[in-house]
Each structure stands twice: as structure tokens, then as C-alpha cells.
Amino acid sequence: MSLDSEAASQGGDYRSFRQITRDRLLFEMLRSPRKNSKSAWKVLIMDKFTVKIMSYACKMADITEEGVSLVEDLYKRRQPLPSLDAIYFVQPTKENIVMFLSDMSGRSPLYKKAYVFFSSPVHKELVAQIKKDSSVLPRIAALSEMNLEYFAIDSQGFITDHERALEELFSENAEGSHKYNACLNTMATRISTVFASMREFPRVHYRVAKTIDASTMTTLRDLVPTKLAASVWNCLAKYKTTIPEFPQTETCELLIVDRSIDQIAPIIHEWTYDAMCHDLLCMDGSKYVHEVPSKNGPATEKKEVLLEDHDPVWLELRHAHIADASERLHDKMTNFISKNKAAQLHQARTGGELSTRDLQKMVQALPQYSDQIDKLSLHVEIAGKLNNIIREQCLRDVGQLEQDLVFGDAGTKELINFLRTQLVVSRENKLRLLMIYAALNPEKFESDKGAKLMQLAGLSADDMIAVNNMRGLCGPDTKKSSVGGFTLKFDVHKKKHAHRKERTGEESAWALSRFYPILEELIEKLSKGELPKDEYNCMNDPSPSAHGPPTSSSARSSPAHSMRSRRTGGTWARPRGSDDGYSSDSVLKHASSDFRKLGQRIFVFVIGGATRSELRAAHKLSSKLKRDIILGSSSLDDPPQFITKLKLMAAEELTLDDLQL
């Protein structure tokens, strides 16, 4: 189903990927017992995985509104409620079936009727096991496959929750292991359920194995995208015969790649508000903890907040450059005070600029504006904290060298000079610099030059493992083995120093805005039907007319013609009215008004972890290409997480406790 026809069927309202996921869970599953059940209330029972599916897509208030009075864990002891019906949303595993049967069998079942929904296709043997129990069968009001087994982490993003995909698919001992096959199979199943939810049938493109020469055997590691594409294709072929109204012809594009397409994006400092929050602050997922004045006296108390889509300030600023976000917050606060006399009086009493603590006190003094000031003061505090860290850790200098290395404006000499002179730069940031250098210049680490650089940076033993794993096996010389266990062949496209090309027509006055993820280029090429034939294959070999709408004359020129002179200097400043398409409000502004013109959806799946810069690119390109772009991955990784995963790949005996993080 194309996005515009879907919007029309919804009375003209565009629904995002996460909204469609939410609607399926609420209306297709939770609302289903209403037709047959006399009871107004019901119990919802989930396992550890499906409860996460639900929590990413729905709020507790949404669930309660659909008549759920109690949410229970399948594996915890539960009170019998024989007068209520129960909805089971579980994975189709043998263990879950056993638990379900124990709940509903015998003379005294826990619930009146059971509505059973499996998150992915259930094996016939398990269905037969359920049917065997004659006492349970009459108590089952519904037995259905929801085919929804992914976490909708964003309005345009999902993960399959394979946090150890790099280790299980690409480490030295991955080949032939049970974990390798299990990881690929469950990943394929979960990706396929995305298309079941969206009622989309994709053309499946994938990165082909890079056989270096005729004498080199292609490894299982290099075949991961090929194998995953084949597994997804098999799942989708079954959906065509088992899911009502599932499309029989292609309706969208799916591109499957692995982390080798861009090893720098997970490491480099990304300067947008969202990325910096997750990189520099000690956040637990989207949870941020800050101190607010106590209601009972002068002391402070800790308060947890979620930086998510329900926060309009977060939604507006998350994809903005940190300097732009800081300016916008200052403008918002100035604007609020200028229009509010009570706030002006409060400011006059405190004198001068309002601190975060002043703003928090203002919340108590002006309760009618508490929500508005609350959110503003929260983000003023966060932006202030980020700017302090940037200053204290000399991150602008680090970021400048990172981008100069990537774009070919700096090399070994500049790196050595930086490591010798910038003594206040942390070991973690020196590690990230060396990982970028190693990815760009793997040949430099074949001699003792790499070891000397790491020694100069003062890296620990496990830091060195990460650097060695980062460089992988690059280039055609397969006789040289990498130190450590990581042998994912990074696709560096080396010419001299393998520098990334500048993008024409996308200059920004913000400093440190040059970097872009390679995925951005690939999505644009896919949209135009220009993926390199020698690097990407398609499972269903589409006709030339199937690539979506023609591109506009403003489409970006090909990378081969996009070189330009280096932009020198650069400040945080930028014209206030500019709209670079990166900010969330920009994307939403265009998407909501243009949904009827949107072409076929593009889905991209990154094996081995996606980055926030890649998720931001999906939002940006949805507006630019006028196509809904959904980014999926095995996980969403911030730099500290990705580095930890690289370290864990070195040897099985390493644990998190061994690592110096």
C-alpha cells in the first residue's frame, strides 16, 4: 500500500510508522475482545520481549483506555481472575506455550477466556500442542498471529533487539556457530513483521559479498547481507499466502547493508542536540535524570524525564545543531518572559539573566505555566550542560580534527601533533580519533607505526583491541591478518587516504557540520534507481519503472562530481531563518502538508547497529525526496556502546567488568 492511498483511507491523515504500529496493537489486538466479551475489563499478559514492543509503541494510558485493567508478566505468579478475559501477547516459543496451557487448563483456569496473539509466525507443532489439551480449547476465544516483533524506537525507525549482532555475525569464531544462524533467522523474522504491519511487499536490495580475487574464498561474515536478504525474502513469500490483503506485487524498497558501509559514523562526534545528549550525558535510553528544587524546603530532589516525541521542545530541537538548539532555547525563554508580566516581575527580583534554578523556582511561583516553563528549563539545563562538556573536553578541537581526517584536510602529521600537544583531551576522545584514523588508514597499522600512535595516545590494552578491530581487513592484501578477532571487511573505497567527498549544495554556516553518513548517499541512489550493480543486487529484479517518482532537478549531484574547496574557519553562527531540512520540525512541517505527493516507502536495514546521524538522515531525506524513509537496525548505538561492542568481539573471556569505559 502506498503512503498516499493509506492516508486517503484514513480520511487524509498521515500516520507515521510508529503510529501504524501503535494502532495495530491497540485496535487490532486489544480492542478485538469487545465484539464477543461481556466484561468491560480484561487482563493483558506479555513476556519479557513483547512488553518492550508494547512500551515502545504505546503509553499505559492508551492500554487502559482499551479496557485493560491489569498488565501481567507471563512468568510471574498471578492471581486467578476467573471472571475476566485475558489477552496474551507473546512470542511463539515452546516455553510460552507451556505457561499459557498451565494458566488455562484443568478445572480452575486463571481466566474466563483467552485471546492469544503471537508476535511472529507460530510453528504447526506448537499449535498442535495447544489443540491436544481438550480442556483449554473451548476457553480460547482467538488464536492469531499479530506478526509484530520489533521495537518502534522512532516515528521512522525500528530495531530488532540484536545487541550482540556484531559479535555473533562478524567475530572470528562466528562462522558455523549456532548463534550465527539463530541471530540471522530471528533478525529476518522480525524485519519481515515490519512489512506485515505496514502491508508492504518490498523489492529486496542487498550489499553483495566483496570477493577480493578468484583465489579468495568468500567468508560467511561477508555473506551476512546476502543471507539475511534471502531469509527475509522467504518470510515475505509465505506472507503472500498467509496474510489477508498482503500485496502480491512490489510496493516499496528495502535495502539491507551491514556496518561495513560506514565504520566512521558510529565513532565520530555528531553535533546535533539528540546525538550529543546520548553521547555526552549519562542517559539510560531516553531517560534523563536532573535535579529540581524540593517542594518541601531548600533541598533538591532528583526527577526522571523522558526525552521523547511527546515533548514538543525535544521534537523541535533534537535534530538541530547544538549551537542552533541553544540559540532557539534562549529565544523561546526571552519570548516567554517578554509576553508574561509575572515572569518579568520574577526576573526583576532575581536580577539579570535567569539561571536554571531561577527557572525551576518560577515553575513553583507560576503554576499556571508550570508545564511550559518545566520543559523550557529542562532543555536550557541540558543545553548548558552539553556546552560546558564541549568546553571542558575541548570537543570543538577534537571534532575539527575528526572531520579534517575524514575529508582529507589532515593526516598523520596533524594527528601526532594533536596527541602531543592536547594533553587535556580525554583518553576516550583520543581513542575515537585513532579509531577514525585506523578506519581511514588501515595499512598504517600493519607496521609498528600503529602501536606507537596508540602508545602516544596513552591507550589501555582494551582500547588497543578496539582500534585494531576497527581497522578490520581492508584492501586486497589478504595475507596480512588483523590483530584481535574482528574481520569484518570494511568498505573503505580507498583512493590515497579514503576521504569522504564533500557534498555540493549543502553548505551550512554551522561549524563541524560537514560530516554525513554514507547511508545518506545510498538512500538517494536507491531512490533514483542508481545503486551500483556490482555492489548491490536485488532479490526480485525490478523493472526500470518501479523505482518510484522521478527525481527533481534539485537532486544532489553524484559523489564523483561533488568535490569543493575546504571551508575554512566556521563559527556557531547561522542566519536565523534558514531551514537545512535537518530539524524535526522542518521534516514534519513538509511531510504533513505533502503526504498526498509522497512516493513509495524506502526501508533501510543496517546489520550491526545504526547511528543517530543515520536516523536523522532518514528524517531529512523523507522531506527532500518526498518518500517515507524507515530506518531499521539490529540496534541503535551511541559511540560509547559501539566501542564497547568492538572490544567485546576480541575474545570470549572479556566481560563488561574487564573493560575500562
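The rules behind each value
Residues numbered from 1 in each chain as written. Predicted model: local features only at pLDDT ≥ 70, side-chain atom pairs only at ≥ 80, totals over all residues. Heavy atoms only, no water. 1 Å grid on protein atoms, 1.4 Å probe; cavity = no way out; pocket = protein on both sides within 12 Å on 5 of 7 lines; lining within 4 Å. Points joined across faces, edges and corners; volume = space filled by probe spheres on them. Helix = DSSP H or I, 4+ residues; strand = E, 2+ residues; numbered from the N terminus. Nonpolar A, V, L, I, M, F, W, Y, C, P; charged D, E, K, R; others polar. Pairing = 2+ DSSP bridges. Axes fitted to C-alpha atoms, helices over the stretch in contact; angles between N-to-C directions. Contact = heavy atoms within 4.5 Å. Parallel < 35°, antiparallel > 145°, perpendicular 65-115°, else oblique. Left-handed = near helix turned anticlockwise from the far one by under 90°. Buried < 20%, exposed > 50% of the residue type's maximum accessible area, 1.4 Å probe, protein only. Arc of directions from axis to C-beta. Core = buried A, V, L, I, M, F, W, Y, C linked by side-chain atoms within 4.5 Å.

1. Points about empty space enclosed by the protein
So, step 1. Enumeration according to the criterion identifies four cavities of 30 Å³ or more in this entry.
So, step 2. Counted as a void, the largest cavity has a volume near 110 Å³.
So, step 3. Taken together, 13 residues line the largest cavity, and the ones lying closest to its centre are Ala 265, Glu 270, Ala 275, Arg 612 and Pro 639.
So, step 4. Looking at the lining of the largest cavity, the elements with two or more residues in it are α10 (273–280) and α23 (612–625).
So, step 5. Taken together, the residues that form the lining of the largest cavity break down as five nonpolar, three polar and five charged.

2. Structural notes on the sheet that holds strand β14 (residues 627–633)
So, step 1. Strand order in the open sheet formed by seven strands is β6-β7-β14-β13-β9-β8-β12, with mixed pairing between adjacent strands. Pairing within the sheet leaves two strands with one partner each, and these edge strands are β6 (151–154) and β12 (536–538). Each strand of the sheet is rotated relative to its neighbour by a mean of 25 degrees, with strand direction disregarded.
So, step 2. Pairing analysis gives three bridges linking strand β7 (residues 157–159) to β14, with the strands arranged parallel. The residue of β14 that forms the bridge with Phe 158 is Gly 632.
So, step 3. Sheet strands touched by helix α2 (residues 17–30): β6, β7, β13 (599–607) and β14. Its angle to β6, the strand with the most contacts, is close to 145 degrees.

3. Observations regarding the packing of helix α8 (residues 178–198) against helix α9 (residues 224–242)
So, step 1. Orientation of α8 relative to α9, taken along the N-to-C sense of each, is 45 degrees, at an axis distance of 8 Å. Considering their axes alone, α8 and α9 lie oblique with respect to each other. Where α8 crosses over α9, the handedness of that crossing is right-handed. When α8 is examined against α9, the residues Tyr 180, Leu 184, Asn 185, Met 187, Ala 188, Thr 189, Ile 191, Ser 192, Thr 193, Phe 195 and Ala 196 are found in contact with a partner set consisting of Val 224, Lys 227, Leu 228, Ser 231, Val 232, Cys 235, Leu 236 and Tyr 239.
So, step 2. Of the residues contributing to the contact of α8 with α9, the split by class is 13 nonpolar, five polar and one charged.

4. Re helix α19 (residues 449–457)
Residues spaced three or four apart along an α-helix face the same direction, because each turn holds 3.6 residues.
So, step 1. Three or more residues of α19 are buried, namely Gly 450, Leu 453, Met 454 and Ala 457. Summarising the axial view, the buried residues of α19 lie within an arc of 95 degrees, below the 170-degree limit, and thus occupy one face. Pointing more than 90 degrees away from the buried face of α19 are the exposed residues Lys 452 and Gln 455.
So, step 2. One or two positions beyond α19, positive phi appears at Gly 458, with a value near 70 degrees.

5. Things to note about the sheet that holds strand β1 (residues 42–46)
So, step 1. Read across the open sheet, the five strands follow the order β2-β1-β3-β4-β5; overall the sheet is parallel. Looking at which strands have only one partner, the edges of the open sheet turn out to be β2 (68–73) and β5 (140–145). Across this sheet, the average inter-strand angle for adjacent strands is 15 degrees, counted without regard to direction.
So, step 2. Of the pairings in the sheet, the one linking strand β4 (residues 114–118) to β5 comprises five bridges and is parallel in character. By the bridge assignment, Val 116 is partnered in β5 with Leu 143.
So, step 3. Helix-sheet contacts for helix α3 (residues 48–57) involve β1, β2 and β3 (85–90), and the interaxial angle to β1 is about 115 degrees.

6. A few points about the nonpolar core
So, step 1. If you look at the biggest cluster of nonpolar residues, it comprises 118 residues, and the most contacted ones within it are Leu 25, Phe 89, Leu 169, Leu 228 and Ile 256.
So, step 2. Here this core gets ten residues from one element, more than from any other, and that element is α8.
So, step 3. Other than its neighbours up to four places away in sequence, Ile 256 contacts Val 204, His 205, Tyr 206, Arg 207, Pro 225, Leu 228, Ala 229, Val 232, Phe 605 and Ile 607.
So, step 4. Counting residues in hydrophobic clusters, the runner-up holds 31 residues, among them Met 283, Leu 317, Ile 382 and Ile 389.

Shape is all these values report; function is a separate question.
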